[in-house]
Amino acid sequence: MNKASKSELSILVVDDDENIRLVLSKALEKEGYRVSTAKSGEEALSILQRSFFHVVISDIMMAEMNGIELLHQIKEMNSLMQIYIMTAHSTLPHVIQCMKGGAYDYFEKPLQLKDVMTSLNEASRRAARWKELYGKHSIPAKTDQVTAEWFKIFQLELRLPEKHFTVLVTSAKNVMR
């Protein structure tokens, strides 16, 4: 399976610190990613309602809506969204809370660009895998007919190693193999 190119991966950077947004977005753009920014959780949710992103990188400590609240709200909107949390105030309870909430990784500030790039390379692989799965499987014509259960199945398959095996999933109305 081919990895998605960096230019195909869209990233939303959310931080209330303008300098962090600017430096991180410029560094990611220099690496070839498509990047947008938001200065708050509320702005991020508004942007996500209008535009599609493969990845969200969010600060954890922000005014009004913190990164953990944003993580939960995004996961309700799109359970497959790849969310990464960054903070200057790392504590084990925060890390556990973020990972349990569905974050893919946790970055400490000052950010190590190498660590961010390693995680984004993995995000590219997952995005390419999702695109491949979405194209292969018979999904109902209207995306609103795809239930949360189907998304969980695809999410599980995305996290499985790339080995060939057959899985049969059945429900009252659908069969997927």
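Scroll up to find the structure.
Residues numbered from 1 in each chain as written. Predicted model: local features only at pLDDT ≥ 70, side-chain atom pairs only at ≥ 80, totals over all residues. Heavy atoms only, no water.

Here we look at the overall build of the protein
Piece 1. What the protein contains, in helices and strands, is six helices and seven strands.
Piece 2. Going from N to C terminus, the protein has its helices and strands arranged as β-α-β-α-β-α-β-α-β-α-α-β-β.
Piece 3. Among the 177 residues that make up the protein, the fraction classed as buried is 42%.
Piece 4. Restricting to contacts in the protein with at least 6 residues of sequence separation, those with at least 24 account for 64%.
Piece 5. Total accessible area on the protein stands at roughly 10,500 Å², and carbon and sulfur atoms take up 52% of it. (Helix = DSSP H or I, 4+ residues; strand = E, 2+ residues; numbered from the N terminus. Buried < 20%, exposed > 50% of the residue type's maximum accessible area, 1.4 Å probe, protein only. Contact = heavy atoms within 4.5 Å. Areas by Shrake-Rupley, 256 points an atom, 1.4 Å probe, with all protein chains shown as cover.)

Some thoughts on helix α3 (residues 67-77)
Piece 1. Listed in full, the buried residues belonging to α3 are G67, I68, L70, L71, I74 and K75. Buried residues of α3, viewed axially, fall in a sector of 155°; they line one side.
Piece 2. Sitting at the amino-terminal end of α3 is N66, which places a side-chain oxygen 2.9 Å from the backbone nitrogen of I68. (Arc of directions from axis to C-beta. Polar contact = N/O pair within 3.5 Å; in protein donor to acceptor, adjacent residues only side chain to side chain.)

Side note on the sheet that holds strand β2 (residues 34-38)
Piece 1. The five strands are arranged β2-β1-β3-β4-β5 in an open sheet whose pairing can be described as parallel. Strands with a single pairing partner mark the edges of an open sheet, and in this sheet they are β2 and β5 (105-108). The sheet shows a mean angle of 20° between the axes of neighbouring strands, taken without regard to direction.
Piece 2. Summarising the sheet, strand β4 (residues 82-87) and β5 pair through four bridges and their orientation is parallel. Across the sheet, the residue bridging to Y84 is D105, located in β5. (Pairing = 2+ DSSP bridges. Axes fitted to C-alpha atoms, helices over the stretch in contact; angles between N-to-C directions.)

Regarding the pairing of strand β3 (residues 55-59)
Piece 1. Among the five residues that make up β3, five are buried, leaving the element largely enclosed by the rest of the structure.
Piece 2. Residues V55, I57 and D59 of β3 are buried on one face, and the alternating residues V56 and S58, pointing to the opposite face, are buried as well.
Piece 3. Looking at chain direction, strand β1 (residues 10-14) and β3 are connected through four bridges and run parallel. Considered in β3, the bridge of V14 is made with S58.

Description of the packing of aromatic side chains
Piece 1. Tallied over the full model, the rule gives two aromatic pairs.
Piece 2. Aromatic side chains Y84 and Y104 sit 6.2 Å apart centroid to centroid with 35° between the ring planes, which places their arrangement in the tilted category. Of this pair, Y84 sits in strand β4 while Y104 sits in the loop between α4 (92-100) and β5, and the two are 20 residues apart along the sequence.
Piece 3. With a centroid separation of 5.8 Å and an interplanar angle of 10°, the aromatic rings of Y84 and F107 are classed as stacked. With Y84 in strand β4 and F107 in strand β5, this residue pair connects regions lying 23 residues apart in the sequence. (Phe/Tyr/Trp six-rings, centres within 6.5 Å; stacked < 30°, edge-to-face > 60°.)

Any functional reading would require information beyond the geometric quantities listed.
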